[in-house]
Amino acid sequence: MPCVFCAIVAGVEPAHVVWDDTETMAFLALRPASPGHTLVVPKVHAEDIWAIEPGTFASVAHAVHAVSALVGERLEPDGLTLFQTNRPAGWQSVFHLHVHVVPRYVNDDLIQPWSERPHDGAELQAVGALLGARKQP
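Structural notes, computed from the coordinates. Starting from 1, residues in each chain are numbered consecutively following that chain's sequence as written. The model is predicted, so local features are restricted to residues of pLDDT at least 70 and side-chain atom pairs to those at 80 or more, both for listing and for counting; the totals for chains, interfaces and linings are taken over all residues. Hydrogen atoms and water are omitted, and side-chain values are computed over all heavy atoms in the structure.

**Things to note about the layout of surface pockets**
In this approach, a probe sized like a water molecule rolls over the atoms, and the result shows the empty space that is left. Selection rule: Grid spacing is 1 Å over the protein atoms alone, the probe is 1.4 Å, and a cavity is where that probe fits but cannot get out, while a pocket is an open set with protein on both sides within 12 Å along at least five of seven lines and lining residues have an atom within 4 Å of a point. Grid points are joined across faces, edges and corners, and a volume is the space filled by probe spheres set on the points. Here a helix means four or more residues in a row that DSSP labels H or I, a strand means two or more in a row labelled E, and each is numbered from the N terminus.
Taken as a whole, the largest pocket holds about 510 Å³ of empty space. Around the largest pocket, the lining is made up of 21 residues, and of these Phe5, Leu30, Arg31, Leu39 and Val94 lie nearest the centre. Elements supplying a minimum of two residues to the lining of the largest pocket: α1 (4-10) and β2 (24-28). A per-element tally of the lining of the largest pocket places α1 first, with three residues.

Structure, rendered in structure tokens:
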């Protein structure tokens with residue numbers, strides 16, 4: 001199946017583009033979580049965080065920062081949520097890396113996607129060891 005985000009970047013599919021530079025593009029989400037929900041994508045196809053080149057991801061981060069500033073200035077939200085998902089188990093639904101810039105408003109109907117749970121010291125130690133963590137004092 002063709003990539004809808006690549007088609008938007010190519011100008012084949014319509015979109016409300018709010019940011020466009022040599023490496024990235026940002027456009028309003030068709031199914032927004034809130035007014036102003038914007039998607040920031042690299043112009044080159046990269047399926048997810050593991051497929052994108054570090055320099056390209058840095059360009060995406062720069063665009064996310066600029067789009068967040070634009071949203072903050074023009075929409076004046078009460079807050080902002082940034083969200084980036086990878087693979088089906090990580091809730092990715094369009095397989096072209098993208099970052100959600102979601103303006104937040106007091107009493108909006110969005111809910112946190114997980115609840116915090118108390119840490120398990122043994123689990124933290126085991127996962128930390130796998131990741132090569134060092135414990136700070």
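**Remarks on the packing of aromatic side chains**
Definition in use: For Phe, Tyr and Trp, where Trp contributes only its six-membered ring, two rings pair if their centres lie within 6.5 Å, and the inter-plane angle classes them as stacked under 30 degrees, edge-to-face over 60, or tilted in between. Exposure classes here rest on a 1.4 Å probe applied to the protein chains alone. A residue is buried below 20% of its type maximum, exposed above 50%, and partly exposed in between.
Applying the stated criterion to the full structure yields two aromatic pairs. Pairing Phe5 with Phe27 gives two aromatic rings, centres 5.4 Å apart and planes at 65 degrees, and the pair type is edge-to-face. Of the two residues, Phe5 sits in helix α1 while Phe27 sits in strand β2, which places them 22 residues apart along the sequence. The exposure class of Phe5 is buried, given its relative accessible area of 6%.

**Structural notes on the pattern of salt bridges**
Worth spelling out the cut-off: For this analysis, a salt bridge means a side-chain nitrogen from Lys or Arg found within 4 Å of a carboxyl oxygen belonging to Asp or Glu.
This structure, assessed with the given rule, holds five salt bridges. In this structure, the salt-bridge partner of Arg87 is Asp48, at a minimum N-O distance of 3.5 Å. Of this pair, Arg87 sits in the loop between β4 (79-83) and β5 (99-104) while Asp48 sits in the loop between β3 (38-42) and α2 (54-75), placing them 39 residues apart in sequence. The class of Arg87 is partly exposed, set by a relative accessible area of 43%. Of the charged contacts, one joins Glu123 and Arg117 as a salt bridge, the two residues approaching to 3.4 Å between their closest N and O atoms. A relative accessible area of 35% means that Glu123 is categorised as partly exposed.

**Regarding the pairing of β2**
For a regular strand, side chains alternate in direction, first toward one face of the sheet and then toward the other. Short version of the rule: A pair of strands counts as paired when DSSP detects no fewer than two bridges linking them.
Of all five residues that make up β2, four are buried, and the element is covered over most of its length. Across three bridges, strand β1 (residues 17-20) lies against β2 in antiparallel orientation. Pairing of Asp20 across the sheet is with Met25, part of β2. Following β1, the chain reverses through three residues before pairing antiparallel with β2. In this sheet, β3 lies alongside β2 in antiparallel orientation, the contact comprising five bridges. Counted as the bridge partner of Met25 is Val41 from β3.

**Here's the deal with the sheet that holds β1**
Paired through their backbone hydrogen bonds, the strands of a sheet run either parallel or antiparallel. Keep this limit in mind: Interaxial angle, 0 to 180 degrees, is taken between N-to-C directions of lines fitted to C-alpha atoms, where a helix line uses only the stretch in contact. What makes two residues a contact is simply this: any of their non-hydrogen atoms within 4.5 Å.
A sheet is described by the order of its strands in space; here five strands give the open sequence β1-β2-β3-β5-β4, paired in antiparallel fashion. With partners counted over all chains shown, the strands left at the sheet margins are β1 and β4, one partner each. The average angle at which neighbouring strand axes cross in this sheet is 20 degrees, direction not considered. Here β4 runs beside β5; their pairing, made up of five bridges, is antiparallel. When the bridges of β5 are listed, Leu82 appears paired with Val101. Packing of α2 onto the sheet brings it into contact with β1, β2, β3, β4 and β5, and relative to β3 it is tilted by some 160 degrees.

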